[in-house]
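# Commentary on secondary and tertiary structure
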Amino acid sequence: MASSNSYKLRCSIPGHEMDVRGLATAVFPEGAFVSVSRDRTGRVWVPNSSPDIGFTEMHCVSGHSNFVSCVCIIAPSETYPRGLIATGGNDNNICVFTLDQPQPLFTLQGHKNTVCTLSSGKFGTLLSGSWDTTAKVWLNEKCMMTLQGHSAAVWAVVILPEQGLMLSGSADKTIKLWKAGRCEKTFTGHEDCVRGLAVISNTEFFSCSNDTSIRRWLVTGECVQVYYSHTNYIYSLAVFPNSQDFVSTGEDRSLRIWRNGECCQTIRLPTQSIWCCCILPNGDIAVGASDGIIRIFTEAEDRMASAEDLQAFEDELSKATIDPKTGDLGDIKLEDLPGREHLDEPGNRDGQTRLIKDDQKVEAYQWSVSDGRWIKIGDVVGGSNQQTSKSVMYEGKEYDYVFTIDVNEGGPSMKLPYNVTDDPWLTAHNFLQKNDLSPMFLDQVANFIIENTKGHVVGPAQPAGGDPFTGAGRYIPGSGPNTSAPVGVADPFTGGGAYSSTALRQTPTNIYFPKTDGVTFEQANASQIIAKLKELNGGAPQEHKLSEDTLECLERLLLSVCGPNSSEPPPTIQQINLLWKASHWPEDIVFPVLDILRLAVRHPQVNESLCGEAEGVQLCNHLLSLMSSEGRPANQMLALRTLCNCFSGRNGRALLMTQRETVLSRAADLAAVCNKNIHIALATLVLNYAGCLHKQPDLEAKAQCLSVASRALETVQDKEAIFRLLVALGTTVASDQNAQDLARSLGVNSQISKYSSMSDPSKVAECCQLVLKELH
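Cut-off values and rules
- Residues numbered from 1 in each chain as written.
- Predicted model: local features only at pLDDT ≥ 70, side-chain atom pairs only at ≥ 80, totals over all residues.
- Heavy atoms only, no water.
- Helix = DSSP H or I, 4+ residues; strand = E, 2+ residues; numbered from the N terminus.
- Buried < 20%, exposed > 50% of the residue type's maximum accessible area, 1.4 Å probe, protein only.
- Areas by Shrake-Rupley, 256 points an atom, 1.4 Å probe, with all protein chains shown as cover.
- Pairing = 2+ DSSP bridges.
- Axes fitted to C-alpha atoms, helices over the stretch in contact; angles between N-to-C directions.
- Phe/Tyr/Trp six-rings, centres within 6.5 Å; stacked < 30°, edge-to-face > 60°.
- Salt bridge = Lys/Arg side-chain N within 4 Å of Asp/Glu carboxyl O.
- Contact = heavy atoms within 4.5 Å.
- Polar contact = N/O pair within 3.5 Å; in protein donor to acceptor, adjacent residues only side chain to side chain.

Next up on the list: the overall build of the chain. Per the secondary structure count, the chain includes 19 helices and 36 strands. Expressed as a percentage of the 776 residues in the chain, the buried residues total 59%. Element-wise, carbon and sulfur atoms account for 49% of the exposed surface of the chain, whose accessible area totals about 31500 Å².

Turning next to unusual backbone geometry. In this structure, the amide linkage connecting F28 to the following residue, P29, adopts the cis form with an omega of -10°. Between D760 and the following residue, P761, the backbone shows a cis peptide bond with an omega angle of -5°. You can see P761 is positioned in the loop between α18 (748-752) and α19 (762-774). Non-glycine residue A180 carries a positive phi angle of around 50°. Along the chain, A180 falls in the loop between β16 (175-179) and β17 (182-187). Positive phi values are uncommon outside glycine, yet N260 reaches one of about 50°. Along the polypeptide, N260 turns up in the loop between β24 (254-259) and β25 (262-268).

Our focus in this paragraph is the pairing of strand β30 (residues 353-358). Bridge count between β30 and strand β31 (residues 361-368): six bridges; the pairing is antiparallel. Paired with D358 across the strands is K361, a residue of β31. Here β30 folds back onto β31 in antiparallel fashion, the turn holding two residues, of which D359 has a positive phi close to 60°.

Each regular strand displays side chains that alternate between the two surfaces of the sheet. Two strands pair when backbone bridges link them, and β16 and β17 are joined in this way by five bridges, in the antiparallel orientation. Paired with K176 across the bridge in β17 is T186. Between β16 and β17, which pair antiparallel and follow one another directly, the connecting turn spans two residues, one of which, A180, has a positive phi of 50°.

Let us now look at the sheet that holds strand β22 (residues 234-239). Spatially, β22-β23-β24-β25 is the arrangement adopted by the four strands of the open sheet, whose pairing is antiparallel. In the strand order of this sheet, the two ends are held by β22 and β25, each with one partner. Pairs of neighbouring strands in the sheet enclose a mean axial angle of 20°, with direction left out of account. Where β24 lies against β25, six bridges are found, and the strand directions are antiparallel. Across the sheet, S254 pairs through a bridge with R268, a residue of β25.

Counted under the stated rule, the structure contains 17 aromatic pairs. Taken together, the ring pairs connect F206, Y227, F246 and W258 into an aromatic cluster.

As a further point, take the sheet that holds strand β7 (residues 84-89). Strand order in the open sheet made by the four strands is β6-β7-β8-β9, with antiparallel pairing throughout. On the outer flanks of this sheet lie β6 (68-74) and β9 (106-108), each paired with one strand and no other. Taking each pair of neighbouring strands and ignoring which way they run, the sheet shows an average axis angle of 25°. As paired elements, β7 and strand β8 (residues 94-97) share four bridges and run antiparallel to each other. Bridging across to β8, I85 finds its partner in F97.

Per the counting criterion, the structure on display carries 29 salt bridges. For D245, the salt bridge identified is with R259, shortest N-O distance 3.7 Å. Separated by 14 residues along the polypeptide, D245 in the loop between β22 and β23 (246-250) and R259 in strand β24 bring together distant segments of the chain. Residue classification places D245 among the buried residues on the basis of a relative accessible area of 8%. According to the relative accessible area criterion, R259 is partly exposed, its value standing at 23%. When the shortest N-O distance is used, the salt bridge between K376 and D379 registers 3.0 Å.

By the element assignment, S128 lies in strand β11 (residues 126-130). A relative accessible area of 0% places S128 in the buried class. For the pair formed by S128 and W138, sequence separation is ten residues and the distance between their alpha carbons is 8.0 Å. If we skip the residues at most four places from it in the chain, S128 touches I94, H111, V115, T117, L118, T134, A135, K136, W138 and V157. A distance of 2.7 Å separates the side chain of S128 from the side chain of H111, its partner in a polar contact. A polar side-chain atom of S128 sits 2.8 Å from a polar atom in the side chain of W138.

Below you can see the structure in the form of C-alpha cells.
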C-alpha cells in the first residue's frame, strides 16, 4: 500500500448535532470506532466497503440525561464476546452498552459530578474520573474503590497494562500513580490542568495539559522529555502501535503528529476545539471537534479523499475566522504585517504559521512540507488594533464579542456570543439554558458580560483569567476464647503451639483458607506482665501513679482472663473501668497495660463492655491513636494485637466491621515500620477482616482487604506475616468471582508468584499456589 508519510483527509463524518467529546476504537466490527457527543448520544461507525472510503453509522446508543463527555471500550469476555461500550456524562453517571441495544445494559452511579474520563483494564475493570475530584474503580456493576487525593477535577485516567497500576491527571496540575487503591506517587511539572494521559508501556506514559506542553514520564517519577508545539490547551493524546510516535489535539484548532520526538505535521481544522482523537487499527487518525464533525486522516494514498474533497476541505479552512485571543497569534498590528509577497518564501518547518495583510484584512497561512506550499488556515479577526465592528463570526453570525467560558476547572470550553446592543441578563439566561447549566449562575454570567464589555472595545475581550466560573485562575462553582487445633490436623498458624486457633480442613488439599474463625494472640506470662507494670509504676510521675488497690484489681483481672480454667471470678465492671483508665497512661510506660487489655478483650464480658456501641468507638479511637506513625513500636504492635483479639467476641466483631475503613487504613501505614512483630499483627488483622467478610457480598470491603494485603506484601519480609497475608488473600477471593476479578486486575497474581517456590516454611509456597489456583 502506497504511503505518502504525510496525513491527509480521508473523510468527514457529520454524525453529531453538537461537539464530539470522545472517541474510542471498537473491538468489533473490524475497523470500527465509537464516538460520543454533547448531543447525548454515542454512535458506532463502521468502514464502508471499497471503493467508498467513508464510514456508516451502525448503531446509536443513548442513556444519559445530559451531555456525554467520554467513552471507552470494555474488552470482550465470554459473556460479551464483542466487548461493551462505557460512556460517562454530565449527569454524573456511567452507562454501559452492548453493541446491539440502544439502551444501557446497566448504569453505574456514585460520582457526584460530571464523569469526564474513562479507561478499561483487564478482567472487565473500569476506571473513571470526575469533576468531583475522585477516580473510581468499578467491576461487575459495583464500585470497588474510590481514589481520593486530588484537590480538583480529575480530567484524565488510564490503567497501565500490568501490576494493577492506575494513573489520574487533574486540574490540580498533578498526576497520581495508584496501586491497590493507594496513591504511590505524585508527578509534578505541569503548570496548568492535566487534560490527557496515554500509555506508552508498562513503565512509561505521556501527559498533556492546558499549559500547552506534552510530557513523557517514567512511572518511577522522572519526566524524561517535554514536547512543545501547541499554542493553546491540549485536550487529548493517542499513541501509535510502535509505542513511540503519537498524536495530539487541542484548542488551537490543530491535530499534530509526532515522530521521533518531533512534531512532524500540523493539520489545522476549520473549528476551534479539537476535543479528542484515536488511532484506528489501520493507522488512520480519527478526531472529534466542537463543530460536531468527526474527521478521519490517513497516510495511505488509496484511502485519501478525492482531489475535489481535499480542495473543499482546504477552502473551508481558508474561510475560517481566527480569534487571536484563542489562536495565540500575538498582538497583531496591521501596519507591521508584510504583504502577500511574504508567501513566496518557503517555511522552515511543517505547521509554521505566517500572517500577512491583504488590503485591510489579516490572513493566516500554514506551511505544508508535504505540499511544499503555504495553505490558508483562516482570516484573523479581533486583533488588538483592529477597530472594525462586528468582527467575530460565530455559528454563521457576526458578534462584537465571543467569550470562551470554562464551566469547570480547565473546561470544557463553551462559547458565549454577545453584541453591545444586547441585554446582558437575557444573553446570560439564553447561554445557561442552551448549555443546560444551572440558573444559579445567572448573576455571575451577566455581571461577567457587563464587566468585560465596559468601554465597548471591539474584538473578543477575555482578559487573563476573566471567566465568571474560574475567576482570576480557576474556581469550581458549587464548589469466646478459641479452642486448640483438633488432634491430627497441624495448625498452619500455631505450628508448635505459639497460640491456639482452630484450623478445620476445608478440603482434603486446602487446609489454609478460607479461614473464617478469628486468629488471636493468646501468649501470656501474667507474672512477668504484673512485674513490669509494678516496676514502671514505681518510677511513674506522681500524677500517674496507680494505687496499690488499682494494681491489685488489674492483677486479678489479668488472672481471670488468662485461661479458661482460671480460679478467679469473672472480671467486674470496676476492674474493666480501671483497665480502661490505666490504658491512658503516658505512652512511654503504657505497654504492660496494653498487654493486659490485649488479653482481656478476649473475655466475653470485657469484650461486651469495652466494645459495646457507646464505648467501642472510644476504644477504637484510642487504639488508633497509639498506632500513629510517630508512635512507639511496642504500643503499635500491642494496639494491633488488641484489635485482632477483639474479633473473638460478637461485640468486638461488630465494632470493627463498622470501623473497618478507618482501622485498616491506619493499620496499613504500619507496614512501613521495620518490625516483624508489627507486620505479623497487621497481617493477622487483615486476615480476621477477610474471615468476617467471607461469603459476604460487601465488595468494597473486600477491595480494601485486597488493597491492604497487596500493599503490605510489597514491604513485609517476615515469612509468618507473608503467610498470613496470603491466607487473607485466599480467604477474600475464595468462592467470590468478583473478588477474584478485582485481585487479578490489581496484579495480585504477578505480585505473589515469587512465594510459590519458597521452600522454608513449606506452608508459604503451598498457600501461595492455592491462591494462584483460585486466580487462574
